[in-house]
Structure formats: structure tokens, C-alpha cells
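Survey of secondary and tertiary structure
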Amino acid sequence: MPPFTSETSHRTAPAAAGLPRRSLLTTAAAIGGALGGSALLSGCSGAASASPTRAVPTRGPAGRPDRGGTLRIARPPASDAETLDPASALSAYEYLGALYNRLVRIGPDGTVAPDLAESWEPDAKATTWTFRLRRGVTFHDGRAFTSADAAYTLRHILDTATASPQAPVLTPLVDPKRLRTPDAHTLVVPLKSPHAEFPSLLTHYNCYVVPDGSARSIGRTGIGTGPFRLESFAAAGPGRVTAYPDHWAGRPVLDAIDFYSVADMQARSNALLAGQVDLLSQTNLDFATARVIAASDRATIARAENAQWYVLPMLTTEKPFTDVRVRQAMKLAYDPEHILKAALQGAGTAGWDNPVPPNDPAHTAAHPAHDPEQARHLLKKAGYERLAVDLYTSSYDPIFTPMALAYQESAGRAGIRIRVKTAAADSYYTQIWMKKPLMATYWYTGRPVDQLLNQVFRGGSSYNETAWADKEFDALLDRARRETDAGRRRELYGQAQALVIERGGAITPMFADRLVGISRKVRGYAEHGFEFDYLRIGLKGA
């Protein structure tokens with residue numbers, strides 16, 4: 001699925017919002033030849049290239065930014081229903097980290113780190129969590145941040161009227177009526193059942209803290225405690241945020257950020273090459289376009305390591321994938337290292353069918369080796385000796401088709417015939433995803449291991465794209481949540497990963513580095529998972 005399914009499925013605005021259309025068209029005419037050529041190259045990227053990852057920079061420009069200036073960000077547009085309510089399924093994602101803070105966030109090492117909560121601790125059985133909140137924090141309207149705001153934020157997420165995507169994750173755990181605020185700087189969260197990893201669930205981007213009682217207005221006002229405050233916002237259109245000088249962590253480097261909505265990836269890239277914008281948000285460039293940008297005088301490439309997790313989900317409720325031997329054969333048949341080289345030219349990490357990113361502290365490296373002969377043996381036992389299946393792809397993402405073609409080639413060595421079918425991009429996630437037995441898709445990484453495994457693989461979860469249901473796996477997740485010993489808990493999550501690899505329906509060939517187009521003036525770019533450092537990013541020569 002796309003990184004933010006509900007948002008992207010509603011993105012319909014056809015043109016750039018905020019950038020002069022004539023200017024964009026002129027730019028496209030001027031440099032469209034270069035990117036048009038890159039698109040052709042992209043179409044050939046299924047073949048292993050002689051230009052490995054060194055053809056594109058591994059990081060953005062080094063050095064410190066100057067204080068001040070305005071950063072211009074181009075982003076994909078959303079629908080007219082886009083909102084600044086972080087709990088909403090239609091939240092304007094790019095604004096959230098600039099306007100708000102959460103209680104906790106994910107640090108660069110993958111662990112839960114303080115944000116508005118300075119510390120947190122469970123009781124002996126992990127059934128009640130107490131959060132100690134930061135003092136001296138104010139919202140953009142001058143109000144002091146207190147525990148009442150933290151409790152209200154959780155109630156707002158859990159309110160059925162909000163329809164937050166995070167509500168199904170928190171509702172089985174949190175009773176909003178039982179939240180306690182014994183003083184202005186303490187939040188107590190009694191849980192319905194033990195959960196030793198509960199704070200990690202609050203790192204989600206739907207969990208940014210909003211002021212007490214703001215449900216009806218927060219979608220327009222964007223009043224938070226973040227490093228920038230809202231100056232203007234138009235759904236699926238332009239917007240602007242300016243530095244909040246009283247931010248609790250200090251004033252941000254930049255004076256302001258301008259957001260522009262540009263529907264087409266090539267138009268966004270052209271705007272970057274023309275110097276009209278400084279950074280492309282939510283845009284994983286194909287390798288050929290990245291090479292064109294990296295060769296320009298104005299722009300270059302930065303990377304978010306292992307930021308996207310690519311998957312070929314097999315629907316376990318559809319033949320032949322109802323048979324676990326077929327699923328195992330589909331995994332043993334292909335070489336993830338081959339797909340990584342062919343589809344990403346090495347810009348990422350082989351997945352080996354484990355959805356937990358290799359840079360996550362909970363990742364376990366145990367996996368069977370590539371074994372096409374064993375795959376043949378399993379298929380023969382299952383009665384599918386001459387297996388032929390359709391694999392759906394589309395132009396929705398530039399990596400889908402190269403990945404599908406590379407899998408087709410690799411699995412062919414085990415006697416599996418893959419027929420690659422191309423579906424329309426605009427209906428891919430309504431007509432293909434979770435409907436066809438085998439297709440190409442991706443997720444953004446950044447989900448803590450507990451949320452990832454429960455949300456995407458647990459039986460009955462609405463995001464379980466393979467419809468896999470395994471009572472032993474679900475029981476392992478329950479045991480992990482109850483386990484208060486960190487080492488033992490990690491072992492249980494490791495066993496759960498092993499079951500996903502052994503029995504699950506997800507073929508996970510690779511994790512891709514996100515190739516991010518940025519101006520050569522940008523300094524201090526840092527992004528991992530759903531975390532973006534708005535505080536320290538800036539411009540040289542601002």
C-alpha cells in the first residue's frame with residue numbers, strides 16, 4: 001500500500017498549486033528533454049545497470065546552514081478535504097512535524113525518544129503507564145501545554161467521529177474514560193491489557209498533540225507546539241509556516257517554509273532543477289531522474305536510508321497461495337540480492353522476506369537461503385509443478401515494474417512462470433490492492449515493531465494485505481506485549497518475524513533508500529521513518 005493510503009487515495013488535484021503554471025510549463029519545456037530521457041531510462045531499469053549507487057550521492061550537502069531564509073517544499077497534492085488535524089486520515093502530512101510535537105518520537109537509532117514527554121514508566125505488569133511532561137512549553141496561541149492537552153489528544157484520536165487511522169491500534173488498549181491527569185505535568189494511561197511497548201504506539205504521525213477542546217478548529221488553525229506556526233493553508237494548495245520564536249527547543253534555523261502542491265513527479269523535479277523549489281517531499285525519485293538531478297548545478301540528491309519497504313503480497317485466501325508450501329516456494333525461488341541490484345541498482349537493503357527494517361533494533365536476520373531447487377520440490381509436493389501466476393504492477397511507483405520484472409526473471413529459474421500485468425495507476429489501490437492474488441506495492445518504514453506486526457500481519461487487521469491468519473503468530477504478539485523483560489520481549493518479536501518469513505504471505509524483496517531531490521543550498525537535511533528535522537534544516541546563503 002502507499003505510505004498514507006487514505007491520503008493518497010484522495011489526491012486528485014491535477015496541477016501545481018502555488019507555483020505559476022506558465023512558469024512551470026516554461027521550465028518543463030526547457031528541461032523536459034533531460035527528464036523525458038530519464039523516464040525512458042527508468043523504464044529500462046529492470047535490467048541490472050553498470051552504474052551502481054555511487055552514481056547518486058549518498059547524502060545531501062554537508063555544512064551548517066545560515067540563519068534565516070525561506071525553504072520552498074514541493075509536495076504531492078491531496079484532496080479538497082485535506083486538513084491540519086493530525087489525527088485525521090486526511091491530514092496534510094508535510095505540515096505536521098513543523099506545527100506539532102508528539103509525546104514521544106522515534107530517535108535516529110530506532111528507539112523511542114522524548115518529545116513533549118521527558119520520561120515515562122510502566123507499573124510492574126505494564127498495565128499502567130505514567131508520562132512526565134515537559135514544562136515551559138507553550139502553544140502557538142500562547143497557552144501553556146499541560147497534561148489536559150495530552151489526555152485530550154488521546155481522546156480525540158479514540159473518538160469515533162474523528163475516524164483516525166490510529167484509533168483501531170489504540171482502542172483495544174486505551175479506555176478514554178480512565179485517563180488521569182493528577183497534575184499539570186503528569187499523564188497516567190491505564191491499559192485494558194498489558195503492553196510493554198505502549199509508548200512506541202504514540203510515535204505515529206496521527207498522535208501529534210493538539211490543544212484541549214480544539215477538535216472543531218484544529219483542522220484550520222494548526223495550533224501546536226512545533227517549531228513553526230501557521231500563516232496560511234489551502235487544502236491541496238499552497239501554504240506557509242513561519243518560525244515560532246518561543247519554541248521549547250529553541251528557534252528553528254529557517255524564518256519560514258512555503259509549501260507548494262505539484263501533482264506530477266516530473267513537474268516537481270523540473271521545478272527543483274529550475275530553482276523554483278528547494279526540496280521534494282514524499283517523492284521517491286527513480287534512479288534515472290535522480291542521476292539527472294545529481295548532475296545539475298542547482299540541485300542534488302539526499303537519501304533516507306531504507307525508507308520504503310517493497311512487497312509482493314500473496315493473498316492467502318486465494319489459490320494457489322492458500323497452500324503454505326506454495327508461499328514458501330515463491331520465497332525460496334527468487335534471489336533478493338538480484339532484485340535489489342536490478343530494481344534499485346543497489347540503493348537499499350535486501351529484505352529476505354522480513355518486513356522489519358534491518359536498522360530497527362528489533363530486526364532479526366534469520367532467514368532461509370535462496371534455494372530454487374527446494375522451491376521446485378515444494379511446488380511438486382503441493383501439486384503445482386508448473387506454477388504460472390499473474391503479478392500485477394503499475395506506474396503508480398517507478399520501482400513496481402522493475403521489481404516485478406526482476407522477480408519474474410529470478411523465479412523463472414525455479415520453474416515458476418510469472419505473467420507481469422500492468423494496471424492503471426489511478427485505480428491501483430482500489431481495484432488491485434487486496435483484490436488480486438499477487439501484486440506489487442510498498443509501505444513507508446518508521447512503524448515500531450509492535451505496530452508493524454499487529455497492524456499489517458495480525459489476523460483480522462484491516463491493513464493485513466495478505467489476509468494471513470495464524471493463531472500461533474497472534475499469540476506470540478500477545479505474549480510479547482505482556483513481557484516486561486526487554487531481552488525476552490525482543491526474542492518473542494524475533495520469533496514472530498520468523499513465522500512471517502516461514503508461513504506468511506508477504507514476499508519482501510528489499511528496503512529502498514528514498515532518493516530525495518534537494519537544492520544544493522539546503523543544509524541540515526535529516527529524515528528517517530516518519531521523522532523530519534524541521535528545527536535544524538536551513539539554507540546556505542539564505
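Residues numbered from 1 in each chain as written. Predicted model: local features only at pLDDT ≥ 70, side-chain atom pairs only at ≥ 80, totals over all residues. Heavy atoms only, no water.

Some words on the sheet that holds strand 4 (residues 117-122)
Strand order across the open sheet formed by four strands is 4-5-7-6, with antiparallel pairing between neighbours. Of all the strands in the sheet, just strand 4 and strand 6 (180-183) have a single pairing partner and so form its edges. Neighbouring strand axes in the sheet, compared pairwise and without regard to direction, differ in orientation by 20° on average. Of the strand pairs in this sheet, strand 4 and strand 5 (residues 128-133) are connected by five bridges, and their pairing is antiparallel. Bridge pairing in strand 5 links E121 to T130. Across the face of the sheet, helix 4 (residues 147-158) comes into contact with strand 5, strand 6 and strand 7 (186-190) while running at roughly 30° to strand 7. (Pairing = 2+ DSSP bridges. Helix = DSSP H or I, 4+ residues; strand = E, 2+ residues; numbered from the N terminus. Axes fitted to C-alpha atoms, helices over the stretch in contact; angles between N-to-C directions. Contact = heavy atoms within 4.5 Å.)

Quick notes on the pairing of strand 17 (residues 506-519)
Burial within strand 17 is extensive, with 14 of its 14 residues counted as buried. One ladder, built from eleven bridges, connects strand 12 (residues 299-313) with strand 17; its direction is antiparallel. Looking at strand 17, one finds that Q308 is bridged to A512. Summarising the sheet, strand 13 (residues 348-350) and strand 17 pair through three bridges and their orientation is antiparallel. When the bridges of strand 17 are listed, A350 appears paired with M510. (Buried < 20%, exposed > 50% of the residue type's maximum accessible area, 1.4 Å probe, protein only.)

A few points about the pattern of salt bridges
Inspection of the entire model under this criterion finds 24 salt bridges. A salt bridge links D255 to R251; its shortest N-O distance comes to 2.6 Å. Take D255: its relative accessible area is 33%, and that puts it in the partly exposed class. Its relative accessible area of 34% is what places R251 among the partly exposed residues. As a salt-bridge pair, R503 and D470 come within 3.0 Å of each other at their nearest N and O atoms. (Salt bridge = Lys/Arg side-chain N within 4 Å of Asp/Glu carboxyl O.)

Structural notes on the pairing of strand 14 (residues 388-394)
Counting buried residues in strand 14 gives five out of seven residues, a clear majority hidden from the surface. Relative to strand 15 (residues 417-423), strand 14 is paired through seven bridges, and the arrangement is parallel. Note on strand 15: the bridge partner recorded for Y392 is K421. The parallel pair strand 14 and strand 15, bridged by helix 13 (residues 400-412), forms a crossover whose chirality is right-handed. (Right-handed = clockwise from strand over helix to strand, strands pointing away.)

Structural notes on the nonpolar core
The biggest cluster of nonpolar side chains holds 82 residues, and the ones touching the most others in it are I257, M330, Y407, I418, L438, M510 and Y525. Here this core gets six residues from one element, more than from any other, and that element is helix 13. Apart from the residues lying within four places of it in its own chain, the contact partners of Y407 are L312, M330, Y334, I339, L391, I418 and I507. (Core = buried A, V, L, I, M, F, W, Y, C linked by side-chain atoms within 4.5 Å.)

Brief notes about empty space enclosed by the protein
Scanning the entire structure with this criterion turns up eight cavities of 30 Å³ or more. Estimates place the volume of the largest cavity at around 190 Å³. Lining the largest cavity are 19 residues, and of these Y93, S281, E527, F532 and Y534 lie nearest its centre. Residue assignment for the lining of the largest cavity shows that the elements contributing at least two residues are helix 3 (93-99), strand 11 (279-280) and strand 17. Grouping the amino acids of the lining of the largest cavity by side-chain chemistry returns twelve nonpolar, four polar and three charged. (1 Å grid on protein atoms, 1.4 Å probe; cavity = no way out; pocket = protein on both sides within 12 Å on 5 of 7 lines; lining within 4 Å. Points joined across faces, edges and corners; volume = space filled by probe spheres on them. Nonpolar A, V, L, I, M, F, W, Y, C, P; charged D, E, K, R; others polar.)

Details of the packing of aromatic side chains
Here the structure, examined in full by the defined rule, presents 23 aromatic pairs. For the ring pair Y95 and F259, a centre distance of 4.2 Å and an interplane angle of 35° mean the geometry is tilted. You can see Y95 sitting in helix 3 and its partner F259 sitting in strand 10 (residues 256-261), a full 164 residues away along the chain. The pair formed by Y95 and F259 is uniform in burial state, with each residue classed as buried. These aromatic residues form a ring-pair network of at least three members: Y310, Y396, F400, Y428, Y429, W433, Y442 and Y444. Above the face of the Y444 ring, R514 is positioned so that its terminal group lies 4.2 Å from the ring centre. (Phe/Tyr/Trp six-rings, centres within 6.5 Å; stacked < 30°, edge-to-face > 60°. Lys NZ or Arg CZ within 6 Å of the ring centre and 35° of its normal.)

What about unusual backbone geometry?
Note that the residue after K319, namely P320, is joined by a cis bond; omega there is 5°. Of note, P320 is situated in the loop between strand 12 and helix 10 (324-332). The residue A126 is not glycine, and still its phi comes out positive at about 60°. Here A126 lies in the loop between strand 4 and strand 5. One non-glycine residue, Q345, lies in the positive phi region at around 50°. The topology assignment puts Q345 in the loop between helix 11 (336-344) and strand 13.

Some remarks on the confidence of the model for the chain
Within the chain, residue pLDDT values average 89, and 90% of them lie at 70 or more. In the model, residues 1-52 has pLDDT below 50 throughout and makes 111 contacts with residues more than four positions away in sequence or in other chains. (pLDDT = per-residue confidence, 0-100.)

Comments concerning helix 12 (residues 372-382)
Three or more residues of helix 12 are buried, namely P372, A375, L378, L379 and A382. Buried positions in helix 12, seen along its axis, are confined to an arc of 115° and lie on one side of it. For helix 12, the exposed residues set more than 90 degrees away from the buried face come down to E373, K380 and K381. At the exit of helix 12 stands G383, carrying a positive phi of roughly 85°. (Arc of directions from axis to C-beta.)

Observations regarding helix 8 (residues 265-273)
Of all nine residues in helix 8, seven are buried, a share of seventy percent or more. Taken residue by residue, helix 8 has A267, R268, S269, N270, A271, L272 and L273 as its buried positions. The opening residue of helix 8 is D264, an N-cap whose side-chain oxygen sits 2.9 Å from the backbone nitrogen of Q266. Once helix 8 ends, the next one or two residues include G275, with phi positive near 80°. (Polar contact = N/O pair within 3.5 Å; in protein donor to acceptor, adjacent residues only side chain to side chain.)

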